[in-house]
Amino acid sequence: MAIREILIYPDDRLREVAGPVEFPLTDEVRSIIQDMADTMYDAPGVGLAATQVGVPLRIAVTDTDWRSEEVRHENGGEPVAACNLKVWINPEFTWRDAGMATWEEGCLSVPEVYEDVDRPAAVRLRWQDMDGETHEADFEGFQAVALQHEFDHLDGVLFIDRLSRLKQSMIKKRLTKRKKLQNQ
Ligand code: GNR
Ligand code: NI
């Protein structure tokens, strides 16, 4: 088990476009995926993209069933290994609903910012699993939100990019200041 450092905005590495993963997976890529899961549960978060731990590969992990507080409580305060861990490799949306839905989003790389974001309400996704098998399925509700949020990271996009210019500049100011204070 290894927890990796999560990059915090503003950081140029969060703006990189990640490259495709090749199969079969190397031991190195397998250990990156294991560390991503450990880091997500430790944070705690419902998803994590490889970009957020400084790895420019098209991989994300999610666990949208995970309720950090309840699960930790049942496990004596310790994070658990996995609840409903999903690994998404080389994901691509093949369809997006014309109808939009609004959810309040947050991001482990943008601490203490929670804002409403509009996104397509449902999506069809094609992705590969750890064996290189291709899958395609439809998602809606919070799953659709979380997947779109994660795969934006792989293109160097953050949820705050989808807010008004004014909100973006206020958030950038606040987090730049926060970073300076922490680095002192
Ligand atoms: O933990 C997370 N919660 C969350 C809530 C609403 C919409 C998206 C998310 S993803 C986020 C973890 C994260 O930053 N993933 O990239
Ligand atoms: Ni995020």
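Before any of the text, the structure's been laid out above.
Fair warning: this is a prediction, and the values are worked out from it, not measured in the lab.

Definitions and cut-offs
Residues numbered from 1 in each chain as written. Chains lettered and ligands numbered in written order. Predicted model: local features only at pLDDT ≥ 70, side-chain atom pairs only at ≥ 80, totals over all residues. Heavy atoms only, no water. Core = buried A, V, L, I, M, F, W, Y, C linked by side-chain atoms within 4.5 Å. Buried < 20%, exposed > 50% of the residue type's maximum accessible area, 1.4 Å probe, protein only. Helix = DSSP H or I, 4+ residues; strand = E, 2+ residues; numbered from the N terminus. Contact = heavy atoms within 4.5 Å. Phe/Tyr/Trp six-rings, centres within 6.5 Å; stacked < 30°, edge-to-face > 60°.

1. Overview of the nonpolar core
Okay, step 1: Of all hydrophobic cores here, the largest spans 19 residues; its most connected members are Ile33, Met36 and Ile59.
Okay, step 2: Contributing elements (two or more residues each) for this core: helix 1 (27–42), strand 2 (59–62) and strand 3 (86–96).
Okay, step 3: By residue number, the principal contributor to this core is helix 1, which donates seven residues.
Okay, step 4: Residues within four places of Met36 in sequence aside, it is in contact with Leu48, Ala49, Ala50, Val53, Ile59, Ala60 and Val61.

2. Comments concerning the packing of aromatic side chains
Okay, step 1: This structure, assessed with the given rule, holds six aromatic pairs.
Okay, step 2: Relative to Phe139, the ring of Trp88 has its centre 5.6 Å away and its plane inclined at 85°; by these criteria the two rings are edge-to-face. Taken as a pair, Trp88 in strand 3 and Phe139 in strand 7 (residues 134–140) lie far apart in primary sequence, 51 residues in all. Comparing Trp88 with Phe139, the two get one shared label, buried.
Okay, step 3: For the pair Trp127 and Phe139, a centre-to-centre distance of 6.0 Å together with 55° between the ring planes defines the contact as tilted. Of this pair, Trp127 sits in strand 6 (residues 122–128) while Phe139 sits in strand 7; the two residues are twelve residues apart in sequence, bridging distant segments of the chain. Per residue, the accessibility class of Trp127 equals that of Phe139, and both read buried.
Okay, step 4: A connected cluster of aromatic rings, assembled from ring pairs, spans Trp88, Phe93, Trp127, Phe139 and Phe151.

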